[in-house]
Structure formats: structure tokens, C-alpha cells
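Letter by letter, the chains look like this.
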Amino acid sequence: MSVITPPSYVRQVLTTLQARGHSAYLVGGCVRDMLLGVHPQDWDVCTGALPEEVLALFPGSRPTGLKHGTVTVVLGKKQVEVTTFRREGRYADHRHPDEVSFVGDLTTDLSRRDFTINAIALPPDGLIVDPFGGVRDLRDRLIRCVGVPAERFEEDALRMFRALRFSARLGFSIEEETMAAIVGKAPLAASLAPERIRDEVEKLLLTRRPEKMAVLIDAGLLDAFLKHRRLDEFRLLRLNGLPRKPLYRWAALCVLLEEAGCIDSTESFLLALRLDGRTLRCCCDCAALLRTAPPTRSADWKRLLRAYGVDSADCAARVHDALLGGGCRRALREVLKSGECFSLKHLAVSGDDLLALGLRGKALGDMLDFLLDYVIEFPENNRRELLLSLAGNTEET
Ligand code: ATP
Ligand code: MG
């Protein structure tokens, strides 16, 4: 395994703490990623120094989670999360410890972490600290709980989702006892906030192995949101044909869940998972659009754009091509590139023009619709004089 070295601002944090007599280690995801030869997304430090000591040592640092011992050290534009060694108390709600207490030793801190591969510490100069066999599991490509899996999932049910997410992201297997505990403790997922589940599902969907959603569903982790668990892993593989953007991946997942009869509707599923308004709208539009065959004529693409808007049409075209194959996206791009009118905004006459012609209320709205539909069919006729005369003549008859 190749070792990536931490950047100088991270080393500065470690050495500053050490110079004051505090122990300090890199820990968690950054150590795991370094050992895998992947550049870490963020750098976490754990230390024997108390939060107030960390705050005093680094001017400009912020007490981000003092209760949990976390201080964000800001160095120029860079940030490092520094957390005091801690132990966690009981977990009454299967998510948050009732209390945390600061402890003096690293091993206790490592023992509260979720998986062996996330419980490795690295001092600035010295040997790796790995009391739970994380390095071996990295080599064997295994996700394994620190401690007794069923107990760890009892404490915090989100860890079950994290296990599947890391498995999908890293391409690791889940160790047998850990996987059995996920299946056994899956009902605890119902006690989690839907927003947390949404975030974990989204992160999994955005990995290179979105098909692992099938394992998550099969384990029963989404039972609170689904009618049954039968979703074909093979169909999910098609999500790899989509860019790694949340909207496309959610939309494709919803199409597959609807198709397999796992959900009543995309809308109810996404509402329950608290997806934002735009994602919800585009995914619902996409699900509706994919229930019928895609347009074959340019005018029909424009009618679709008029009815659903560019975002939904683009999403549906991409999802269609990924799941079913075909050239929808190319066809849509051609239509958009043509610059031809498909919305009132680009119609050569406006509501004011029709007011001036004496049209009012519903008659005016109907006329705008009529003219837009006419222009969609005959794009070369999107000309003001022509449309005004058409409106005048049609109105008289
Ligand atoms: P990522 O690259 O996705 O950020 P990460 O391992 O850094 O992965 P974080 O959520 O940033 O994940 O958490 C940092 C570290 O904190 C983890 O590596 C793990 O040691 C510990 N941790 C995070 N969440 C939990 C949890 N729910 N239970 C136990 N330990 C956790
Ligand atoms: Mg992290």
C-alpha cells in the first residue's frame, strides 16, 4: 500500500499540539484513505488536549461541536477538525450517545468508532496505532465493526447504512457477523430521522457501485419506505450509465422502484425521505414521462419541454437512455440547440399584444396557448406580424 503524506497545514496542527505536550493523531477516514492510496476528502485529528486547550492553541479556531469535543482549526483557507479523545455513554435513541466524556487515551477513542478500517490512528512521526486490526481488514477488503456488531448497531442504527455505503464506495465486502447483524438489527432503521437515511442513500447512489442499493434494500434497511424488497441488482447496474449527480440517480432509482412495485409512487417515497422540492418535482416528472414512449418528432419534444420544463425533460431523457438505451438525450439536445420556441417566453407575441387586440381573460390565455402550439408545429412562423394577424383573424371568426 502506498502512503500519502498529509499536507503541511495538517502537520502543523499535529506538531503544534505535540509541542505543548499533547498527544495528537490523524484518525478515521483520512488514515483509511491514505493507506488505500486515495487522497482524503478531509483531515481529522484526535488529541488528548481538551477542547478549550485546542481553542487557546489555535487563534481563529471555532468550537464546532464542543459538547462532542470537536474544534475546527482554521489555517488560512484550510480547516482541520480536532476532536478530544472521548468515550460515549448509553445510546437511548439508537443514534446519539446520551453523554460523552473526555478520556486520556487513544484506544478508548478508537473503540467507539464504527469500523476497524475507520479506527486506525497515525501519529505525525511514529507507528500506526491499530488495536482492532484495521490494516488487516483494509488488505482483506472487509468492512467489520469494532466490537460486537449487534451492540454497535443497537447504539447507532445509522452505522448499518454507513457499512453499506463504505462497502459500495470502496468495493469491500461486509464481514459475515457484521452483515448478519445488519439484517438482524435492520428494524432499528425505523428509529432514524428520514433525513439521515436520505443522506446515506444518496451517498451510496453516488458511488461507483449504486447496485449495492439492492443489498441495502434486501437487508430490510428501507422497509419503512417500501412495500417489498424485491429490486433487481442487475437493473440497478444501469445507474452507472448516469453522471454521479443526485438528481439523476434518485430519478433512476425511483423509476426502478416503481417498475418493481416496491413503491406506490415516486412522490410519496421521496416525500417520506424528505427530498428537496426540485428533486421531488423532477423525479416525479421523470417517472411520469418514462411511463410512455419518448417523442419521435421534434414538435413533440417541444410540447414535452413546454409541459415539463428543461430540467425534467433532460433528467427523463438521461434516465431513459441509461435504463432502456436509445438516443433521447441526443434528440433533446438537438431540439434545444435549434433555438426553436417551446415556451411563452420565446413566443414572438406577448399577453400585452393580445390585450391590445382586445382579448381578455380566458380568451387571451387560450389564444396564447393556441399560438404557442402553432409555433411549436411551425417554428419558422414565430414572427410577430404573422402571429398578430393570426390572433386578430382567429378572434373575429
Ligand atoms: P468520509 O470520507 O465519507 O468522510 P469518514 O470515515 O471520514 O468517511 P466521517 O463521517 O467523516 O467518515 O467520520 C469520521 C470518522 O468518525 C469515521 O472514520 C469514524 O471513525 C468516526 N465515525 C463517524 N460516524 C460514526 C458513527 N456513526 N459511529 C462511530 N464512529 C463514527
Ligand atoms: Mg470524513
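Predicted model, so just to flag it, every value in this text is computed and none were measured.

Conventions we followed
- Residues numbered from 1 in each chain as written.
- Chains lettered and ligands numbered in written order.
- Predicted model: local features only at pLDDT ≥ 70, side-chain atom pairs only at ≥ 80, totals over all residues.
- Heavy atoms only, no water.
- 1 Å grid on protein atoms, 1.4 Å probe; cavity = no way out; pocket = protein on both sides within 12 Å on 5 of 7 lines; lining within 4 Å.
- Points joined across faces, edges and corners; volume = space filled by probe spheres on them.
- Helix = DSSP H or I, 4+ residues; strand = E, 2+ residues; numbered from the N terminus.
- Nonpolar A, V, L, I, M, F, W, Y, C, P; charged D, E, K, R; others polar.
- Phe/Tyr/Trp six-rings, centres within 6.5 Å; stacked < 30°, edge-to-face > 60°.
- Lys NZ or Arg CZ within 6 Å of the ring centre and 35° of its normal.

*Asks:* Help me out: how do you make sense of the layout of surface pockets in this one?
*Replies:* The gaps left among the atoms become clear once a water-sized probe is rolled over them. Space inside the largest pocket adds up to approximately 1600 Å³. Contributing to the lining of the largest pocket are 48 residues, with Asp44, Asp114, Arg162, Arg165 and Phe166 lying nearest its centre. Secondary-structure elements contributing two or more residues to the lining of the largest pocket are helix H2 (29-35), strand S2 (44-47), strand S5 (78-84), strand S6 (86-88), helix H7 (158-170) and helix H9 (194-205). Tallying contributions element by element places H7 first for the lining of the largest pocket, with seven residues. Split by residue class, the lining of the largest pocket holds 14 nonpolar, ten polar and 24 charged. Every residue along the wall of the second largest pocket is listed here: Glu88, Gly89, Tyr91, Ser111, Arg112, Val146, Gly147, Val148, Glu151, Arg152 and Glu155. Take the lining of the second largest pocket: its biggest share by element is three residues, from helix H6 (residues 149-155). A breakdown of the residues in the lining of the second largest pocket according to their chemical character gives three nonpolar, three polar and five charged.

*Asks:* Would you mind going over the packing of aromatic side chains with me for this structure?
*Replies:* For any two aromatic rings, the description comes down to two numbers: the centre-to-centre distance and the angle of the planes. Under the definition given, this model contains three aromatic pairs. Relative to Phe166, the ring of Phe115 lies with its centre 6.2 Å away and its plane at 80°, an arrangement referred to as edge-to-face. Placement of the pair is Phe115 in the loop between helix H4 (106-111) and strand S8 (121-122) and Phe166 in helix H7, with a sequence separation of 51 residues. Between the NZ or CZ atom of Arg165 and the centre of the ring of Phe166, over which it lies, the distance is 4.9 Å.

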